[in-house]
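Next come the chains, spelled out residue by residue.
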Amino acid sequence: MNYKAHEYADMFPEISGEDYERFKDDIARNGLRSPIVLSGGKILDGRNRYRACLALGIEPEFVEFEGGDDEQREFVISENINRRHLTESQRAMIAARLCIKGYSSAESSKAMNVSPRSVATARSLLGNEKASNVVPLIDRGEVSLHRAHQFASGDINEAQLKKPSNGGQGRPRGNRHVNALYALLDRLDKMQIHKFELVANWPGDPSRNEQLLKAIEQLSDISSKVQEDTDARASA
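Criteria and thresholds
- Within every chain, residues take consecutive numbers counted from 1 along the sequence as written.
- Whole-chain, interface and lining totals are the exception, using all residues; otherwise, since this is a predicted model, local features are given only for residues with pLDDT of at least 70 and side-chain atom pairs are given and counted only at 80 or more.
- With hydrogens and water stripped out, all remaining heavy atoms of the structure feed into the side-chain values.
- Confidence of the predictor at the level of single residues is captured by pLDDT, which takes values from 0 to 100.
- In what follows, a contact means two residues having at least one pair of non-hydrogen atoms within 4.5 Å.
- Any two strands with at least two DSSP bridges between them are considered paired.
- Elements are defined by DSSP. Helices are runs of H or I of four residues or more, strands are runs of E of two residues or more, and each kind is numbered from the N terminus.
- Angles run from 0 to 180 degrees between N-to-C directions of axes, and those axes are lines fitted to C-alpha atoms, restricted for helices to the stretch in contact.

**A short note on the confidence of the model for the protein chain**
Per-residue pLDDT for the protein chain has a mean of 79; in total, 68% of the residues score no lower than 70. Contacts from residues 166–173, a stretch scored under 50 in pLDDT, to residues over four places away or in other chains number twelve contacts. Counting contacts from residues 192–197, a segment whose pLDDT is below 50, to residues more than four positions away or on other chains yields 14 contacts.

Pasting the structure below:
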């Protein structure tokens, strides 16, 4: 039997590309550590684990979620926010979908730790036919909310969408302290990608490893915000 994703699980983007391959390799080495959570015959949590298990020929383990609609929604939000690194733009898109599910703008922005303004921008993209092909790029973390809004507004064309907004020169040059900061942010991005391997090989007790994971998450989130702010300032 093939299980489909629950509507609340679908609010969050699937893991793709190299991240998915690393995720799948981890399951191949260590097995399925957390069971897949079902509700009403659909996957409430564990779409990526389920997909990896099918690809690897591993028999998935399932558990049934006990709780009503509100509990299901809060469970999915909590599991994904605490376990995954999502950019501010990705979180804004999820917050916009929460609004469609009945959350207020204030509730969704608080739940996803984004500004109400970002939620409003994300909602405008969901209802914009021109942005229909761009929203999946935001969900995958390939394009920022700001750039997508520029495209939907006609300020930039499709060829410019994924290019840096400072004329294709990448991050702007600055003094040695600024350049050192960007070098650190690049290292943090690499740490974020390999965080599970870092922790697996890090000596010490599990509680310290959990602290390390949270530190990497927080620092990488700062990296994303700095990059998006740089992108916005350069195009202002």
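Here the narrative resumes.
**Let's talk about the sheet that holds strand β3 (residues 62–64)**
With respect to topology, three strands assemble into an open sheet ordered β2-β1-β3, the strand pairing being mixed. Since the sheet does not close on itself, it has two edges, and those belong to β2 (42–45) and β3, each with one partner. For this sheet the average axis-to-axis angle between neighbouring strands, irrespective of direction, equals 45 degrees. Taken together, the three bridges between strand β1 (residues 36–39) and β2 define a ladder with antiparallel strand orientation. Each bridged residue has a counterpart across the sheet, and for Ser39 the counterpart in β2 is Lys42. Contacts between helix α2 (residues 47–56) and the sheet are confined to β1, β2 and β3, with β2 contributing the most and set at about 120 degrees to the helix.

**Regarding the environment of Ala55**
Along the chain, Ala55 falls in helix α2. Ignoring sequence-local partners within four residues, the contact set of Ala55 consists of Tyr20 and Lys24.

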